[in-house]
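Structure at a glance
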Amino acid sequence: MDTKIGSLDACKPANNAVCCPSNGSVCTIQNSVPSTVVTSSEATLGRHLARRLVQIGITDVFSVPGDFNLTLLDHLIAEPGLNNIGCCNELNAGYAADGYARSRGVGACVVTFTVGGLSVLNAIAGAYSENLPLICIVGGPNSNDYGTNRILHHTIGLPDFSQELRCFQTVTCFQAVVNNLEDAHELIDTAISTALKESKPVYISIGCNLPGIPHPTFSRDPVPFSLSPKVSNPHGLEAAVEAAAQFLNKAVKPVLVGGPKLRVAKGCDAFVELADACGYALSVMPSAKGLVPEHHPHFIGTYWGAVSTSFCAEIVESADSYLFAGPIFNDYSSVGYSLLLKREKAIIVQPDRVTIGNGPTFGCVLMKDFLQALSKRVNKNTTAYENYHRIFVPEGHPLKSEPKEALRVNILFQHIQKMLSGQTAVIAETGDSWFNCQKLKLPKGCGYEFQMQYGSIGWSVGATLGYAQAVPEKRVIACIGDGSFQVTAQDISTMIRCGQKTIIFLINNGGYTIEVEIHDGPYNVIKNWNYTALVDAIHNGEGKCWTTKVRCEEELIEAIGTATGDKEDSLCFIEVAVVRGEAEV
């Protein structure tokens, strides 16, 4: 359950860091100190923005240079606490900021006006769908060009500078267009604080001529943020807990199911506290994998309708009461809306409201407060877990491979399972890897991330870069299909340049296997690449990188041994050739 938010979550502020209180999704100050006067060369808009990013826990920004953001980048990299990670394209920079935010709790990318902004837009939309605080910074037009009716390059050829802004308005929760210094301080601070409070991306455009200009509003180090924490309505909380306790305590075999909004509600620990107290069978929706500890003694697996973990669906759907914490019931998670659930049996706990059965609904009740209070009011009931234990049959092992037999996907993931520990994290690419990685059993402390709501093919390359940069103490294991890899392969280069030690399993099955399962056609077959040769060419003898291609179990075992042994300090790229159509859906 890797949801740590750097300086935003630890409540041990360093360098005036913002901290996240225990009762909500917003931040407040701990032990703030007076701001200090800075030199005139540092009293600039660019340095103010840089100091703000460092203050909220960002130590790396992912960027692509362009002529509208070059001066801004100069001032950002001049900040000692901020490291610039140059990416190969804007889409990957956005995906990297997404992966970074999943571990640190907030991420940032920097691109150039319109031609860069529209390129990063897809990644920002994905972060919006996943409720990730992400600061998208764009080097904007010269402030003197506003109102002149001029046509600028890198635009669509109209004297209208608002096209990019209009595109970002639907995928960000706040937009700040900074084209003068008088309100720059206020706009930047409002944007960043809104991202933290709403747990959504924001857009900040900085006029390209402004970053290096001193201004009195930047003459001191920025005063640390003081964001009022959200609080529950005490009367609503008490009523909700009372009604929920009565609802659950009269049930014969109630169960708990964790959903993806546990992250944004900061409710993971409270959910475990409730599970410990009640003894119910505990499961997780597929989009929440990694947010609920799978080593919990009452954990029964992933509830995903017809494709659930073995025996999990039987227990959940036969329960006479179920509490869903932070669910999203979309067509993916509900397997085409085919879940055999009844609303009158359900308690639905969202980040700020609780609905019991067909009613009532209690608003202004924070999930964390509700789960913690409920844990003190529910009776112990282990019936559902005992039923699960009664019908449970341990999973069999895949048939042993014959010598030099073509590698099967189930054999591959059997060996990946053995690699997992508290010092690893798994990144699962959209598509076939979703289903295969869902079957992995995560040990305590093992991170896990994938993008189920938006499902953008190619997301994992950039996300792996960002996640590994945010948590260098963990070794990231990325499972990426060949079709997805072809979308965003370039930033393997950035991983090598940053000295990352990720292990990438490139699963080469000759095309878009997940699409084959949905509807096959010639468009699902892609041109095969020599993937290891491509990565070797990108490596080009600079940095630490090791590649190999495996076709059978014996070669896989040898490759994993090398990656976790002699090459443990290198980026390891293992191309796994499997039979086309070999999917474990």
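Residues numbered from 1 in each chain as written. Predicted model: local features only at pLDDT ≥ 70, side-chain atom pairs only at ≥ 80, totals over all residues. Heavy atoms only, no water.

Observations regarding the overall build of the protein
Assigned secondary structure in the protein consists of 20 helices and 19 strands. Relative to its length of 585 residues, the protein is compact, with a C-alpha radius of gyration of 25 Å against a globular reference of 25 Å. Viewed in the frame of its principal axes, the protein has a C-alpha envelope of about 70 × 65 × 45 Å. Out of the 585 residues in the protein, the part that is buried amounts to 58%. (Helix = DSSP H or I, 4+ residues; strand = E, 2+ residues; numbered from the N terminus. Rg over C-alpha atoms; globule rule 2.2 N^0.38 Å. Buried < 20%, exposed > 50% of the residue type's maximum accessible area, 1.4 Å probe, protein only.)

Focus: the nonpolar core
Judged by nonpolar contacts, the single largest core of 56 residues is most densely connected at Phe-62, Ile-124, Cys-136, Phe-168 and Phe-485. The leading source of residues in this core is helix H15 (residues 459–470), at seven residues. Split by domain, the residues of this core number at least three in each of domain 1 (45–218) and domain 3 (409–577). With residues near it in sequence (within four places) discarded, Phe-168 still touches Gly-117, Val-120, Leu-121, Ile-124, Cys-136, Gln-175 and Tyr-203. (Core = buried A, V, L, I, M, F, W, Y, C linked by side-chain atoms within 4.5 Å. Domains from an automatic or database assignment. Contact = heavy atoms within 4.5 Å.)

Examining the sheet that holds strand E13 (residues 361–363)
Spatial ordering of the open sheet is given by E9-E8-E7-E10-E11-E12-E13, a layout of seven strands whose pairing is mixed. Across the chains shown, the open sheet's two edge strands, defined by having one partner strand only, are strand E9 (299–302) and E13. The mean inter-strand angle of the sheet, taken between neighbouring strand axes irrespective of direction, is 15°. Bridge count between strand E12 (residues 353–356) and E13: three bridges; the pairing is antiparallel. Note that in E13 the partner of Thr-355 across the bridge is Thr-361. (Pairing = 2+ DSSP bridges. Axes fitted to C-alpha atoms, helices over the stretch in contact; angles between N-to-C directions.)

With respect to the packing of helix H13 (residues 409–419) against helix H20 (residues 553–563)
Where H13 meets H20, the closest approach of the two axes is 11 Å, and the angle between their N-to-C directions is 20°. For the element pair H13 / H20, the angle class is roughly parallel. Of the two elements, H13 crosses H20, and the hand of that crossing is right-handed. Between H13 and H20, the residues in contact are Ile-411, Leu-412, His-415 and Met-419 and Glu-553, Leu-556, Ile-557 and Ile-560, respectively. A per-class count over the contact of H13 with H20 returns six nonpolar, one polar and one charged. (Parallel < 35°, antiparallel > 145°, perpendicular 65-115°, else oblique. Left-handed = near helix turned anticlockwise from the far one by under 90°. Nonpolar A, V, L, I, M, F, W, Y, C, P; charged D, E, K, R; others polar.)

Points about the environment of Leu-73
Take Leu-73: it is sitting in helix H3 (residues 70–77). Relative accessible area serves as the criterion here: at 10%, Leu-73 is assigned to the buried category. Along the chain, Leu-73 and Arg-47 lie 26 residues apart, while their C-alpha atoms are 9.9 Å from each other. Leu-73 has contacts with Ser-63, Pro-65, Asn-84 and Val-110, leaving out every residue within four places of it along the chain.

Some details on the domain arrangement of the protein
Per the domain assignment, the segments of the protein are domain 1 (45–218), domain 2 (234–391) and domain 3 (409–577). Of note, the centres of domain 1 and domain 3, computed from C-alpha atoms alone, are 30 Å apart. With 23 residues of domain 1 at the contact, the number on the domain 3 side is 25 residues. Buried area between domain 1 and domain 3, both sides added, is near 1900 Å², and the carbon and sulfur share of it is 55%. Looking at the side of domain 1 facing domain 3, the largest losses of area belong to Asn-92, Tyr-95 and Arg-102, adding up to 29% of the total buried there. (Buried area = accessible area lost by both parts, 1.4 Å probe.)

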